[in-house]
Each structure stands twice: as C-alpha cells, then as structure tokens.
Amino acid sequence: MSDIVNRRRIVVNTFFLYAKTLITMVISFVATRIILDGLGETDFGIYGTVGGAIVMLEALNGAMTQATQRFMNYAEGKGDKEHLVGIFNNTVLLHIGLGIIIVVLLIALYYPLFNGIFNIPEDRMDAAKFIYLFLAVSAFFTIVTVPYDAMINAHENFLYYSIVGIVVALLKLGAAFMIVNQMSDRLILYGLLMAAISIVNLLIMLVYCKLKYEECHFQPRRYADATISKEIGVFAGWNFVGAFANIAGNHGSTILMNHFFGPILIAAKNIGDQICTQVALLTYNMTKALNPVIVKSEGSGDRQTMINLSYKSCRFSFLLYLVLAVPFMYNTEPLLALWLKKVPEWAVLFCQLQVIRTLFEQLFTPLRMSLMAQGSVKQINIIDLVLGVITFLVLWILYAIGLSAQWHYYISIIFLVFISGVIKVKLCIDFCDMSIRNYLKCVVTPCTIVLITSIISTQWLQTAMIESQNVLVIVISQVLFVFILEVFVGLTRSERNVILARFFKQ
C-alpha cells in the first residue's frame, strides 16, 4: 500500500477521532464537575476507590483487547477474510469466558476488599458495596464488547466509532444530571446508571457489526477452532502478564493510597486522572488511527514502513500532549478553580505530577504496538510485571514509614515510565530492527528541543501577561505559541509543508 494512501487514510481517521475527542472532552469535564458537586468529595473518592478495584480486573481485559486487534489487523493485512471470521468467533468465545472468570474473581475478592483493605466510612459502606456490584456488571459487558470494538477498528471505521463514543459520553452526562436531582442515595443511583450504559454500548456495537460486516456473525459451532483460540490465548496470555503489571503499578497503588490516606485523597487523585485521561485522548486517538496501519504493514511484510510509522507515533504523541501540558502546568490552580466549584486538597499537585508522567510516557508507549505487530511481547510483559510489582512494594514501604501520597507519582515515573521506556526501546532494536540512532534523531532530539523552547516561551508569556485577569486568554495564547513552535521545530519539512498547505489552502 502506497505511503500516500496510508497518509490520507490516517489523516481522515484522525480527523474523526479528534472531532470525537473534543466533543467528549467537553462533555466529560462538565459531567465531572456535576458529579463531584452531586456526590461530594467523600462519595466521589469512594467511587474512585471501588471503581479502581474493578478497573484492576478490567485491565486484564486490555490483554485480550490488544491481542484481538492485533490478530484482526494482521489478517486484514494479509487479506485473509476466512481467517478473520474464525478470529472473530473465537475471540467472542474467549471474551465471554474471560468475563465470567472476572465476575467470579470479583465475588471472591468481595469479602477481603470490604473487610480490611478499603478505607471507607462506616455509614457509606453499604453504598460502596452496591457500587462494587454494579461495576462488576459493567466490567462483564465491557469485556464482551471488545471483539465488536476490535472489528470496527480492524476495518478502520472510525466515523462510527466516534459517533458511538459521543453517544456514550452524552449518556454519562445525562446520568450526572439525574443524580443531582435525586433525593435517594446518589452514589448507588450513579453506579446503576453506569452499569446500564455499558449494556447499551454493547448493544449498539453488536447490532451495527452484525448488520455491517459479513465476517461478524457469531457461529461458534462452525468456527470454534482450538488452534486459533490457542494462538490468540498464548499471545493474550503474555499481554495478561503486562496487564497484571499495570494492576500492581497503577490501580493497585490507588487502593494502597486509599488504605493509608482515605477516600478524600483519592478524590484529588481522580481529578488528576480525569484531566490526564481526557488530554491523553488527543494522543490516543492519533495512535489509534496509526496502529491498524502499523500492524497491517508488518502483516504485509513491510517492516520499514512499520518502523517509520512507529517513530511518527512516538513523536506526534509527545508533541500533541505537550501543546496542552505546558500551559496547563503554569496555570493549574486557576484552571481547576474555574472548572470546579471546590478544588479538593492535593488536586493541584497531583494533576501536575500526573501530567508530567503522562507526557514522558508518550515517548515510549507507541513502541508497544511495534512489538505486538512483530509478535514479540513476552519479554516486555515480563519486565513490566517485575517493574509493576516493584513499584507497588516500594510504595507500600514508603507509605508505611510515613511518606506522603505524592510519592506515588515519583516512583511511578522512575519505574513505569523511564526504566520501562528504555527497555521498550532496547526490545524494538532487538526484535523490530529499529535503529537507536534513528529513534534519537526522529523522536528524542526534536521532542527535547520543543520541550525546552516551549517551557522558555510559556514562562515568558506568563510573565508578559501577568496583569491579565482572564486565565483562558493566557492559556489559549500559550497553547497557540507552543503549537507554532511545534510546527516549525518539531516537524520535518515535508510534514510542515503538508500542514501549511492544508492551512493556507485556497
């Protein structure tokens, strides 16, 4: 497939995903403010704590998601439609089985979590238990949705994917408005509505895929294949190891923080996570448009195109995140005050540290798709598991000797960003024929130059506009300035010419 066709398809898909991102970002920020106001800091923290426990097990679903998309995209790259039908049917069976296993695990964990692990006020314990059950239902239906989500991604139908995302965001906004006007227990009602939305999302995806794609008909008796299931299962099994590392290093440490510091502090962490999640969607959607092309390039035997797209994915991810990250770092407190009626204690610091962590993750995270496309996932997932467990244990020790909650971010940045990132680079060199020289030239050097110049220019603008009382004017000015720097410093000449040609097109 020609580079021009690839580029055009990536641009179109990215446009759809960015339109969705901007809309859902606004909706999500509005919904978060309403939810925090409606639930209060304690219940908001309880939802984050209990939800974190569910997310721990849902992270296992990520192993199956990546495996499903990798095999579907690989089959698409080879043009093997019959094999694609077999992959779909077997992944549906695997996801149903995984969903049942996770529900059983949740039932098994119910007693220990609510008897010594969770730090929840006694008068809110019953509500927390209801939330746990509702989120377990939500987890099951989210898992079963994955094969249909992967099928849409394999076909690169990002227009429909974006429409569904906006619909789901609007439903969540509606749920936020509903709980504000209720006199009953708002936390329980919110958990019930979230579970219902996950069911609606499954139905929307299932019906569309069945009507749109001929290979998307579930016929397990005809297509059940132990060989295909084993192949996907082995691949997903190693991703499962990486998912467990994510559990130990990220979501496990959230429960650890709750255990030592209580739900109020989790409310502050949730604010930071919410902001970074929404901003990171800018980079996630770009890589989501690139990932199918990366895997299909490897599937068709075009290794060099795969590597070149991986470089672009790392660099573009960093630059897209940076354009908002630097202005946010300089204006965190006034922006949070503008967004929320009451800013939880620690929220400003937590937001800034999470933004720093997520920014530097962009230099390395896209490389995982290169390893997945090539099929070499064993080593990186074992290493991630070790780093995740080390992160969890180090934090446990630090909290036990009296250090503050902010160490969650310091330790995570050291182990889960930089050490993990360096290892990803090494594995890509060994298994994907990546050149360290080209990686430094195409990714690290331009990103470092843009980062330094962005910090200097943003500081200058912050000082020059110190008398301005409108924080949005300041932030927008800084965002535009950083964007201009990225265009002229962070992009290659050909990339810059494409953007300028589009921008000044008559």
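Shown above is the structure to which this text applies.
In this report, we go over the structure that sits alongside the text. (Residues numbered from 1 in each chain as written. Predicted model: local features only at pLDDT ≥ 70, side-chain atom pairs only at ≥ 80, totals over all residues. Heavy atoms only, no water.)

1. Overview of the packing of aromatic side chains
On inspection of all chains with the given rule, the structure shows 18 aromatic pairs. Considering the side-chain rings of F114 and Y132, the 5.4 Å spacing of their centres and the 85° angle between planes classify their relative orientation as edge-to-face. Of this pair, F114 sits in helix 2 (residues 81-117) while Y132 is found in helix 3 (residues 125-154), placing the two residues 18 residues apart along the sequence. We classify F114 as buried; its relative accessible area is 6%. Geometrically, the ring pair formed by F260 and F261 is tilted, given 6.5 Å between the ring centres and 45° between the ring planes. Of the residues examined, F261 reaches a relative accessible area of 32% and is grouped as partly exposed. One aromatic cluster is present, formed by Y110, F114 and Y132 through successive ring pairs. (Phe/Tyr/Trp six-rings, centres within 6.5 Å; stacked < 30°, edge-to-face > 60°. Helix = DSSP H or I, 4+ residues; strand = E, 2+ residues; numbered from the N terminus. Buried < 20%, exposed > 50% of the residue type's maximum accessible area, 1.4 Å probe, protein only.)

2. Here's the deal with the environment of Y439
One can find Y439 in helix 15 (residues 436-464). Among the residues examined, Y439 registers a relative accessible area of 3% and is labelled buried. When the C-alpha positions of Y439 and N308 are compared, they lie 9.5 Å apart, and in sequence the two are 131 residues distant. Residues in contact with Y439, not counting those within four places in the same chain, are Y311, C314, L363, F364, L367, V425, M434 and V444. (Contact = heavy atoms within 4.5 Å.)

3. Things to note about the packing of helix 10 (residues 332-339) against helix 11 (residues 347-361)
The interhelical angle for the contact between helix 10 and helix 11, taken along N-to-C directions, is 115°, at an axis separation of 10 Å. Here helix 10 runs over helix 11; the crossing is right-handed. Packed against helix 10, whose contacting residues are T332, E333 and L336, the element helix 11 presents A347, V348, C351 and Q352 at the interface. Considered class by class, the residues forming the contact of helix 10 with helix 11 number four nonpolar, two polar and one charged. (Axes fitted to C-alpha atoms, helices over the stretch in contact; angles between N-to-C directions. Left-handed = near helix turned anticlockwise from the far one by under 90°. Nonpolar A, V, L, I, M, F, W, Y, C, P; charged D, E, K, R; others polar.)

4. Notes on the packing of helix 3 against helix 4 (residues 158-180)
Close contact between helix 3 and helix 4 brings their axes to 8 Å; oriented N to C, the two are set at 140°. By the angle between their directions, the pair helix 3 and helix 4 is classed as oblique. Between helix 3 and helix 4, the contacting residues are D149, I152 and N153 on the first element and F158, Y160 and Y161 on the second. Of the residues in the contact of helix 3 with helix 4, the class split is four nonpolar, one polar and one charged. (Parallel < 35°, antiparallel > 145°, perpendicular 65-115°, else oblique.)

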